[in-house]
Each structure stands twice: as C-alpha cells, then as structure tokens.
Amino acid sequence: MSEFSKIYYTNDSPRAKANNTISIRKFNAEFKARNDLQRHLAADNNLLKLYQKQNKLSLEASRQEVYGEAGATIARANADVAYKEYLLYLDSCGIKHDFDKPAYYCTTCNDTGFINNIRCDCFKQLLRDITMDDNPQLNTDIRSFIKLKPPKMLELSTRLNMSEFYEFLNKYSENYSDSQYKIILLTGSPGTGKTFALSVFFNKVIDDDGDILMISAVKLNELFLKTHLAPLESKQEILETIIDCDILIVDDLGMEPFYNNVTAEYLRNLLDLRSHLTTIFSTNLNSEEIRIRYGNSTLSRLYHKSRAHVVDFFNTVDIRTKEATGDIINKKQ
Ligand SMILES: [Zn+2]
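Small disclaimer: the values here were computed from a predicted structure and weren't measured.

Asker: What should I look at first to understand the overall build of the chain in this one?
Answerer: Helix and strand counts for the chain stand at 14 helices and seven strands. By the burial criterion, 29% of the 333 residues in the chain qualify as buried. Long-range contacts, defined here as pairs at least 24 residues apart, represent 78% of the contacts in the chain between residues at least 6 apart.

Shown next as structure tokens:
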C-alpha cells in the first residue's frame, strides 16, 4: 500500500478510523498503567522489593502448576502470602490496589473492540459517531424500524409511502446479500425524510455488524477526483473501502460539483465494480435530470428493471418547508 493511500485510508474509512481510535485508547490506557507502576516502584524501594517478590513467586507457582509439580500448591500459597503482603503495603501508602491496572475506556472489551469475536458496542457507537462527524446527514440515533412512524407533518400519501419504505428497509437489512435488488434508488424533493430513513437503516445494519458505509455525494465526488489525480498504482486502493463494502449509501446524489471526466465516469465505474454488492442512493433529481447529468448508461443501471428498487417521493410536501413556515409564524407572534 502506498503512503498516499495510507493517509487516505485514515482520513476516509470510518471502520479504519474506529479501529485506530480503539487501539489508541488501548495503548494509552496500558501505557499510563505501566508508567504509574514504574513511577511508584522508582519512588519506593520497599514497594519495589515487595512487588518483585510477589511477581517472582507468582511466576514460579504458575510454572509449577503448568508442569504439575508436587510443590505447586505450596508455591501458590507462598505467592498468595507475598501478594497479600504487597497489598497491605499499598494500603499503608494509601495507594489503590488497582493503580497499575489499565483504566480502559470500555471495560466490556478492554478496548479490543471485540467480545468473543463479535464487535463490541463501543466499536459500533464509535463507527456511528465517526460517520456522523463525516456526514452531518446521518441525522438520527434511532436504530430500528419497529414502531417507527413517518413524521406527522408529511402528507398522508407520503406517510404511507414512507411506512412502506421503512418496512422494505427493515426486511432488506436482513436479506440484502440474497436480494435481487443491488441498487436502491430513493428519489424525491428535499425534506421528505429520505436521509432519515437511510440513517435508521445505517444504524440498524451497524448494530447487526454489517459492513456498511454512508457517504455524501459531495465526499464521494472528492474521492473520485483524488483517485483521478493519483498515480496509476494507487488508484484502486483509494476507493477500496468504497468498492468493497457490502452496502454503500450515497446521500444526496446530484449535490456534488460536476467535474468533467470524473463525476459521471467514476460513478458509472463504481456501479460496475459494485454490481454484486448493494448501493443505495438518495437524490433530489428525477430520472430525466439523472440522464442529463450522468448519462444513459448510469440511468439504465439506476433504474434497472430487475436489479434496482426505485422509491419515488416526488410530489410530496417538504417537511423542512413546513417547519420553516411554522418558524416564521411563531416569530411573528
Ligand atoms: Zn468495547
């Protein structure tokens, strides 16, 4: 991997960032603990002697236990006595017994990020936080579609449409790898709650330990441009996470600046590379606008009869417009 893409990775893959943060937490906790121990031992010769004694006896007891030696029980008892002596001395100095134990950020997984090979909640939370930092669009903590109702301010027809979409997403979060749909296209005017629905979906998939990435079209376009300008050998690496993740959500397609030879071309390429994986788009563009901006071949991929699931929220009332109107009325009163 080249330096370029390494830098790129730490900047742009939320999973890499989360992993990185967790290892830094672990390193810091253990470093501080080791440091505290060294500092105390260096300051007090009695403590040093007692510490070394109990350490030595405990190692010896363990060794004898492993080899099943006859003296193992006695060795362990001696080690326990030495350990008690050491603890009593700590008490007399007013030092806590666990002063040399790392104070892990997450005491469930001791900052490993795993419990029995399953991702710890701290990792999932971190992934959500990082994604939220990177994407202000990820706008909710809600992690389940159960009992979730579309915002009341939407018109009834939109609400029904949205309820149906929630149900679809809920099922899809469980069967996306087997589903015939590899493209989910969500079109409609701004403020119909598209990003909200996708954020809940994102949270749910993270909770189920799925490999999902959410990125704004603006950020994705920046990645395309960086790839375009990168040396040939690192082109593929820059987009690796984007190309490989099981589910990619691209929010607000069409909001990105249009770069010739980049925006449309790289998007079409990405769709080809991800043909066996799920890609979800939200956009305010209608099909004609998509055709003009990205070309016929991308349009036909996004609206593919059997592979794409298109949900249309056009001709519905804008939540944000309604909220804004409410604001103005309130301010006038
Ligand atoms: Zn944890």
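Asker: What should I look at first to understand the pairing of strand β6 (residues 278-283) in this one?
Answerer: On any regular strand, side chains alternate: one points to one face of the sheet, the next to the other face. Among the six residues of β6, six are classified as buried, and the element is accordingly described as predominantly covered. The pairing of strand β3 (residues 183-188) with β6 spans five bridges and is classified as parallel. Looking across to β6, one finds that isoleucine 183 is bridged to threonine 279. In this structure, strand β5 (residues 247-253) lies alongside β6, joined through five bridges in parallel fashion. Its bridge partner being in β6, leucine 253 is matched across the sheet by threonine 283. Following the backbone out of β5, through helix α11 (residues 263-273) and into the adjacent parallel β6, one traces a crossover that is right-handed.

Asker: Mind showing me how you'd approach the nonpolar core here?
Answerer: When a protein is soluble and globular, its nonpolar side chains tend to lie buried together. If you look at the biggest cluster of nonpolar residues, it comprises 47 residues, and the most contacted ones within it are Phe202, Ile212, Ile247, Ile249 and Val250. Tallying contributions element by element places helix α7 (residues 194-207) first for this core, with seven residues.

Asker: For this particular structure, what's the right way to read the packing of helix α3 (residues 45-66) against helix α4 (residues 72-93)?
Answerer: Between two packed helices, what matters for the description is the angle formed by their axes and the separation of those axes. Where α3 contacts α4, the axes come no closer than 8 Å and their chain directions differ by 155°. One way to sum up the angle between α3 and α4 is to call them roughly antiparallel. Relative to α4, the crossing made by α3 is left-handed. Taken together, the residues of α4 that come into contact with α3 (itself represented by Asn46, Leu47, Leu50, Tyr51, Lys53, Gln54, Leu57, Ser58, Glu60, Ala61, Gln64 and Glu65) are Ala72, Ala75, Arg76, Asn78, Ala79, Ala82, Tyr83, Glu85, Tyr86 and Tyr89. Per-class residue counts for the contact of α3 with α4 are 12 nonpolar, five polar and five charged.

Asker: Would you take a moment to explain the confidence of the model for the chain for this structure?
Answerer: Interpretation of the predicted coordinates at a detailed level should be avoided for regions scoring low in pLDDT. This prediction gives the chain a mean pLDDT of 86; 89% of its residues lie at or above 70. When the criterion is pLDDT under 50, residues 316-333 qualifies, and its contacts beyond four places in sequence or with other chains add up to 25 contacts.

Asker: I'm lost on the sheet that holds β5 in this one. Help?
Answerer: The pairing of strands in a sheet happens through backbone hydrogen bonds and is either parallel or antiparallel. An order of β4-β5-β6-β3-β7 is seen for the five strands of this open sheet, with the pairing classed as parallel. Each edge of the open sheet is held by one strand with a lone partner, namely β4 (212-216) and β7 (308-313). Mean inter-strand twist for the sheet, computed between neighbouring axes without regard to direction, equals 10°. Pairing between β3 and β7: six bridges, direction parallel.

Asker: For this particular structure, what's the right way to read the packing of helix α6 (residues 156-175) against α7?
Answerer: Relative to each other, α6 and α7 sit at 20°, their axes nearing to 10 Å. In terms of orientation, α6 and α7 fall into the roughly parallel class. The way α6 lies across α7 gives a crossing that is right-handed. Of α7, the residues touching α6 (which contributes Met162, Phe165, Tyr166, Leu169 and Ser173) are Ala197, Phe201, Lys204 and Val205. Residues belonging to the contact of α6 with α7 are distributed by class as follows: seven nonpolar, one polar and one charged.

Asker: What is the right way to read the environment of methionine 255 from this model?
Answerer: Within the secondary structure, methionine 255 sits in the loop between β5 and α11. Given 15 C-beta atoms within a 10 Å radius, methionine 255 is considered partly exposed. For the pair formed by methionine 255 and alanine 217, sequence separation is 38 residues and the distance between their alpha carbons is 6.6 Å. The residues touching methionine 255, leaving out its near neighbours within four places in the chain, are Ala217 and Val218.

Asker: Just to check I follow, could you spell out the pairing of β4 for this structure?
Answerer: A large share of β4 lies buried, amounting to five of its five residues. Burial of β4 is two-sided: the residues Ile212, Met214 and Ser216 facing one way and the residues Leu213 and Ile215 facing the other way are all buried. Inspection of the sheet shows β4 paired to β5 by five bridges, in the parallel sense. The residue bridging leucine 213 from the neighbouring strand is leucine 248, located in β5.

Asker: Just to check I follow, could you spell out unusual backbone geometry for this structure?
Answerer: Most peptide bonds take the trans configuration, and most residues that are not glycine carry a negative phi. We note that asparagine 110 has phi near 50°; this positive angle belongs to a residue other than glycine. Along the polypeptide, asparagine 110 turns up in the loop between α4 and β1 (114-115). What makes asparagine 110 partly exposed here is the crowd of 17 C-beta atoms within 10 Å. Unusually for a residue other than glycine, asparagine 261 sits at a positive phi of about 65°. Position of asparagine 261 among the secondary structure elements: in the loop between β5 and α11. Classification of asparagine 261 as exposed rests on a count of 9 C-beta atoms within 10 Å.

So, how was this worked out
Residues numbered from 1 in each chain as written. Predicted model: local features only at pLDDT ≥ 70, side-chain atom pairs only at ≥ 80, totals over all residues. Helix = DSSP H or I, 4+ residues; strand = E, 2+ residues; numbered from the N terminus. Buried ≥ 20, exposed ≤ 12 C-beta atoms within 10 Å, placed from the backbone. Contact = placed C-beta atoms within 7 Å. Pairing = 2+ DSSP bridges. Right-handed = clockwise from strand over helix to strand, strands pointing away. Core = buried A, V, L, I, M, F, W, Y, C linked by C-beta atoms within 7 Å. Axes fitted to C-alpha atoms, helices over the stretch in contact; angles between N-to-C directions. Parallel < 35°, antiparallel > 145°, perpendicular 65-115°, else oblique. Left-handed = near helix turned anticlockwise from the far one by under 90°. Nonpolar A, V, L, I, M, F, W, Y, C, P; charged D, E, K, R; others polar. pLDDT = per-residue confidence, 0-100.

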